[in-house]
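# Chains, contacts and geometry: an overview
Chain by chain, the residues run as shown.
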Amino acid sequence: MSTTRGGLLAITHKRSEPLSLAPVSAYCRNTFIDRGEKTVEDAIADLEDVERLRADIISNQHGPDKQAELLVKYYGTLSAMDLRFPVSKDPSHINDLSFVWWDAFKTSKKEKQQNVNFERCAILFNLAALHSQVGIDQDRTTSGGLLAACKKFQEAAGVFAHIKDHVAMRMDAPQPLDVSPDSSRMLEQLMLAQAQECVFEKAMNEKKSEGVCARLGKQCMLFYQEVVQIITGGPLGGHLEKSWLNHLRAKVLYFSAESELLMAEAEKKKDETNIGPQIARLRHADIKIKEAEKASKSANHFIAEATKTLSQLCDQRLRKAVKENETIYLESVPDYASIPQISEACMVKPTPPGDLAKVAADVFVGLVPDSSAKVVSKYTELVDALIKAEKAKLSGCQTENDQKMKELEVVGLLSALDAGSGDNLAHVLPETLRQKVAEVNSFGGVSHCFELAKELQGLRNVGTQMLNQAEQELEREASEDAAERERHGDKWAIPASATLTSTLTNSISDFRGKIQTARESDRSTLQQLEQPESPILLLETGTMVKKCPHLARPMVSVGAADPAAAAAALRAAATNLDGIQARGAQLEERLSETKFKDNILPQLMSSSDSEEKIFEEQLKKYEPLKASVAEICTAHTAAIANLVKAHSDFVSCYDLNEYRSQCTAYQTQISHALEVYKQIQSNFEKGVSFYTSLQDAIEGLKMQCGDFCLTRKMQRDDYLRQLVYAGHQQQQQQQYQQAAQQYQQQYQQPPPPQQQHQQQHYPPQQQYQQPPQHQGYPPAAAGYTQPPQPQHPGYPPVLNQQMPPPQQAYPQQQHYGLGQATAQMGQMHVSPAQYPPQQTYPPPPPPQG
């Protein structure tokens, strides 16, 4: 439904004819000959460059960016020329130079003036027209193109506004209509309307809500409506083509209808049963769009097509809404004037041109006479002295105001009247206390202490869990040892686990005791923190504000005035004084701005009056400012007197001594809360350090328990292999004896003496050699034909001298855990003797009686 794709207007640039600056060159040679021939020749060469620059601009053969750059450059050069070469009808000026331009709207009409400002207006008009043409050329079917077009239209609006505000009024009368203030204002509003339409189209493309789009469309209608009013209310109505006015009127009607149509749809989605206002809007939209159809017949065909499409949609929705109301809702339809109007949403504004205030500094260098420079310097000194004196008056008023407000404590007293206001804290608490409280709250305040307590609990649980794991490892090892001992009976000669782990278990118990003691201390600190009346709860922002003292209205008034009236009078006096100071600050800015813009050089170079007269005329611009300063000083004196009287009445109605006493007690409570908070925080932080170091020590003990269990397992496995090997050797011996007996029975021969000796001493040591010491377990069967004799009753034989008996691997006098754990406890950051901390908190402040 949008008209953006083809329904926007671009401004046609103004045409001109070539210009010769020979009269300016002649004036330069006659006026500045005392500056030296070279200076004059350089200036004339600059004029020739300016002439070529102008010819290049009016040829209009460059791209948009280059053309805009040339226009801005030429505008700055015109400003430099205007300072040195006065062009006017005055006989003493350059009066034989005319600037010629054709009208932009009536292209057959030629205008000419002997005024540089006419040339400036034409150049700026072409710059704005260029921006509008670039905006039209954007691809406005995409969001990026719409944004770019919107930017260009706002830049064009800014240039037209600059023409209207700074240049147009300086042209000679009668002013050409196309660059007149009315035309510039009309074109500014037109560019803003088209920029707003781009925003509207972008919102529609991005499926924004109907309510938002309706507000954007309403602003488009208002912009176009103002353009129509400017045209029809002045001479532009007969100067522009009728198609312009038809186009703009169609736009006004189109956006009026579309905004109502969108708002009706938005209200329907919000509450479809409230159909009466929807029908009222649709009827109004239907009337407006039909009027737009008539107006668009003589306008752009894009407008005609869009209007026709919108008219069909509006008629369709109106018929449907009326039918639904007649068959379902049966609601009465209110008059359109009685329903809420759509509030507009303006999203655009003129973009001020940034480079137009710069005067070209690289041309006509040296054409300012020394006498003029000295006069300018003298005038600048006079202005500086004037500005300094006026600002000193304003500064004196500000200083007196600050001192009186501080002396009377006006701001603090007024803040004290508002119970529950956070602003009062700044006046009740000293800066040092506020900084300390802010520092506490920056770390999380009371909640930070609860977080530390939670962290302590986690660390404590981890330490306890580690001790449990170490204890379970020892118990598991003892259980495995007991199982093997029960299985093998007296053959199991390894020392029992209980005889070796006493020091480890003692260390575990010692650590458990320390954790339990620390837990009790933590619980005590946490109880102090969780008390409903804990002092540190006062440090919370909400509680501080709630408990902060305030000035309560007395039950019985003891003063001559009513307390409420006295408070209102004091507040009004303070507000009045603040307003006066704000006006003074604005006046200081105006003084600085006027001084910054004050340039006497053009008047010096174009006027034949005396120096004193020029100074007198130029300094008159400061007279209104001086009068304003005097007025503010007078008002300030009266306001101070009024403030003092109002303060006196206020003090007589309220008990300030009682309030100040409450403030002192409140400060004491805050200080005590800070001390308690620091003590609790310190206890928790020490606890975190203690538990962290304790974990390191427990970790060392846990590793010792693990090493012990691993070593015991290795010993058991080795001992089991020895038992298995001893049983294997015994079985071989029995098998050998059985074989010998079978042999003797088979041959029924007594064994030879040697065999009898072998039977009596079996097995003989000389026939069975000891296996090599490097041989592992179990030994190879081929290496042994007879097992060695046991050397220790009840214990397996020593089969390999490289493997020590279990008694050598586990001497009962060795102690596990105590030395290492004690050493690690000594290296903790917080010594066990320093934690738990002493549970002593600063006593609360005495009650204020």
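See the structure printed just above.
Presented here is a report on the structure given in the accompanying data block. (Residues numbered from 1 in each chain as written. Predicted model: local features only at pLDDT ≥ 70, side-chain atom pairs only at ≥ 80, totals over all residues. Heavy atoms only, no water.)

## Comments concerning the overall build of the protein chain
Where we set the bar: Only DSSP runs of H or I with at least four residues qualify as helices, and only runs of E with at least two residues qualify as strands; both kinds are numbered from the N terminus onward. Burial classes: relative accessible area under 20% of the type maximum marks a residue as buried, over 50% as exposed, and values in between as partly exposed (1.4 Å probe, protein chains only). Any two residues whose heavy atoms approach within 4.5 Å at even a single point are treated as in contact. A 1.4 Å probe and the Shrake-Rupley method give the accessible areas. Residues count as covered only by the protein chains that appear here.
Along the backbone of the protein chain there are 25 helices and two strands. Looking at the protein chain as a whole, 44% of its 849 residues qualify as buried. Restricting the contact set of the protein chain to residue pairs at least 6 apart, pairs at least 24 apart contribute 82%. Surface exposure of the protein chain reaches about 44300 Å², of which carbon and sulfur atoms provide 51%.

## A few points about the side chain of Gln 154
Applied cut-off: Any N or O atom pair separated by 3.5 Å or less is treated as a polar contact, with the protein-specific requirement of one donor-capable and one acceptor-capable atom, and with residues adjacent in sequence counted only for side-chain atom pairs.
Take Gln 154: it is sitting in helix H5 (residues 143-167). Polar contacts involving the side chain of Gln 154 include one to the main-chain amide nitrogen of Lys 349, which spans 3.1 Å.

## A look at helix H2 (residues 37-59)
Worth spelling out the cut-off: Given a helix with a known number of residues, its expected span is that number minus one, times 1.5 Å.
The terminal C-alpha atoms of H2 lie 33 Å apart, and with 23 residues this matches the ideal 33 Å at 1.5 Å per residue to within 8%. Among the residues of H2, Thr 39, Val 40, Ala 43, Ile 44, Asp 46, Leu 47, Val 50, Leu 53, Arg 54 and Ile 57 are the ones counted as buried. Buried residues along H2 sit against helix H1 (22-31), helix H3 (64-84), strand S1 (99-102) and helix H4 (116-137). In the stretch just after H2, Asn 60 is the one whose phi turns positive, near 55°.

## Focus on the pattern of salt bridges
Applied cut-off: For this analysis, a salt bridge means a side-chain nitrogen from Lys or Arg found within 4 Å of a carboxyl oxygen belonging to Asp or Glu.
Taken as a whole, this structure holds 42 salt bridges when the rule is applied. Its salt-bridge partner being Lys 151, residue Glu 155 comes within 2.6 Å of it at the nearest N-O pair. Of this pair, Glu 155 and Lys 151 are both found in helix H5, four residues apart, which corresponds to roughly one turn of the helix. Exposure remark for Lys 151: the relative accessible area of 49% places this residue in the partly exposed category. Connected through shared salt-bridge partners, Glu 477, Glu 480, Asp 481, Arg 485, Arg 712 and Arg 716 make up one network.

## A few points about the nonpolar core
Rule in force here: Working definition of a nonpolar core: buried Ala, Val, Leu, Ile, Met, Phe, Trp, Tyr and Cys residues. They are joined through side-chain atoms within 4.5 Å.
Formed by 114 residues in total, the largest nonpolar core has its most connected members in Ile 11, Phe 85, Phe 125, Leu 187, Leu 190 and Phe 364. At 14 residues, helix H8 (residues 242-270) tops the list of elements feeding residues into this core. Not counting chain neighbours up to four residues away, the residues in contact with Leu 187 comprise Ile 11, Phe 105, Phe 125, Phe 160 and Trp 244. Listed in part, the 90 residues of the second largest apolar core include Ile 614, Val 629, Phe 708 and Cys 709.

## Looking at the pairing of strand S2 (residues 110-113)
Stated precisely, the cut-off is as follows: When DSSP finds two or more bridges between a pair of strands, those strands are recorded as paired.
Residue alternation in S2 divides its side chains into a buried set, Glu 111 and Gln 113, and an unburied set, Lys 110 and Lys 112. The pairing of S1 with S2 spans four bridges and is antiparallel. Note on S2: the bridge partner recorded for Trp 101 is Glu 111.

## Comments concerning the side chain of Asp 286
With respect to the helices and strands, Asp 286 occurs in helix H9 (residues 275-295). For Asp 286, a relative accessible area of 13% translates into the label buried. Aside from chain neighbours lying at most four places away, what touches Asp 286 is Cys 314, Asp 315 and Leu 318.

## Quick word on the environment of Cys 663
Within the element layout of this structure, Cys 663 appears in helix H22 (residues 656-747). Each C-alpha atom, one on Cys 663 and one on His 427, is 9.5 Å from the other, the two residues being 236 residues apart in sequence. Contact partners of Cys 663, with chain neighbours within four places excluded, come to Val 428 and Pro 549.

## Side note on the packing of H5 against helix H6 (residues 181-205)
Geometry of a packed helix pair, given as the angle between the helix axes and the separation of the axes. Put simply, the rule reads: For every element, the axis is a line fit to its C-alpha atoms; helices are fit only across the contacting stretch, and the angle between N-to-C directions ranges from 0 to 180 degrees. Angles are sorted into four bins: roughly parallel if under 35 degrees, roughly antiparallel if over 145, roughly perpendicular if 65 to 115, and oblique for all others. Left-handed describes a crossing whose near helix is turned anticlockwise from the far helix by less than a right angle; the clockwise case is right-handed. Amino acids outside the nonpolar list (Ala, Val, Leu, Ile, Met, Phe, Trp, Tyr, Cys, Pro) and the charged list (Asp, Glu, Lys, Arg) are all regarded as polar, and Gly is one of them.
Between H5 and H6, the least distance of the axes is 8 Å, while the angle of their chain directions is 165°. For the element pair H5 / H6, the angle class is roughly antiparallel. Handedness of the H5/H6 crossing: left-handed. By residue class, the composition of the contact of H5 with H6 is 17 nonpolar, five polar and five charged.

## Things to note about the packing of helix H14 (residues 431-442) against H22
Close contact between H14 and H22 brings their axes to 11 Å; oriented N to C, the two are set at 40°. Between H14 and H22, the crossing angle belongs to the class labelled oblique. Crossing handedness for the pair H14 and H22: left-handed. Contacts between H14 and H22 involve Leu 433, Lys 436, Val 437 and Val 440 on the former and, on the latter, Gln 667, Ile 670, Ser 671, Leu 674 and Tyr 677.

## A few points about the packing of aromatic side chains
The condition is simple: To pair, rings of Phe, Tyr and Trp, with the six-membered ring standing in for Trp, must have centres within 6.5 Å; the planes then decide the type, stacked if under 30 degrees apart, edge-to-face if over 60, and tilted in the middle. In this scheme, Lys NZ or Arg CZ marks a charge over a ring once it lies within 6 Å of the ring centre and within 35 degrees of the ring normal.
Taken as a whole and assessed by the stated rule, the structure comprises 11 aromatic pairs. Each ring, one from Phe 32 and one from Phe 85, has its centre 6.3 Å from the other, and the planes form 85°; the classification is edge-to-face. Taken as a pair, Phe 32 in the loop between H1 and H2 and Phe 85 in the loop between H3 and S1 lie far apart in primary sequence, 53 residues in all. Across this residue pair, the class does not change: Phe 32 and Phe 85 are buried. With centroids separated by 5.4 Å and ring planes inclined at 85°, the aromatic side chains of Tyr 254 and Phe 255 adopt a geometry described as edge-to-face. Since its relative accessible area comes to 1%, Tyr 254 is described here as buried. Joined through ring pairs, the aromatic side chains of Phe 105, Phe 125, Phe 160 and Trp 244 make up one cluster. The ring of Tyr 75 carries the charged tip of Arg 120 above its face, separated from the ring centre by 5.9 Å.

## Let's talk about unusual backbone geometry
Look at the link from Ala 173 to Pro 174: it is a cis peptide, with omega at -5°. Mapped onto the fold, Pro 174 is located in the loop between H5 and H6. In this structure, Leu 330 takes a positive phi of about 55° despite not being glycine. Mapped onto the elements, Leu 330 comes out in the loop between helix H10 (301-329) and helix H11 (370-408).

## Describing the state of the cysteines
The following threshold applies: Count a disulfide wherever a pair of cysteine sulfur atoms falls within 2.5 Å.
Evaluated as defined, the whole model comprises zero disulfides. The thiol of Cys 709 is unpaired, and the distance to the nearest cysteine sulfur, on Cys 705, comes to 6.6 Å. A relative accessible area of 11% means that Cys 709 is categorised as buried.

## Some remarks on helix H15 (residues 446-488)
Look at H15: 64 Å from first C-alpha to last across 43 residues, which is about the 63 Å you get at 1.5 Å a residue. At the C-terminal side of H15, Gly 489 shows a positive phi close to 65°.

## Section: the environment of Ile 58
Tracing the backbone shows Ile 58 in helix H2. The exposure class of Ile 58 is partly exposed, given its relative accessible area of 26%. As for Ile 58 and Pro 18, which are separated by 40 residues in sequence, their C-alpha atoms are 7.9 Å apart. If sequence neighbours within four positions are ignored, Ile 58 has contacts with Ser 16, Glu 17, Pro 18 and Trp 101.

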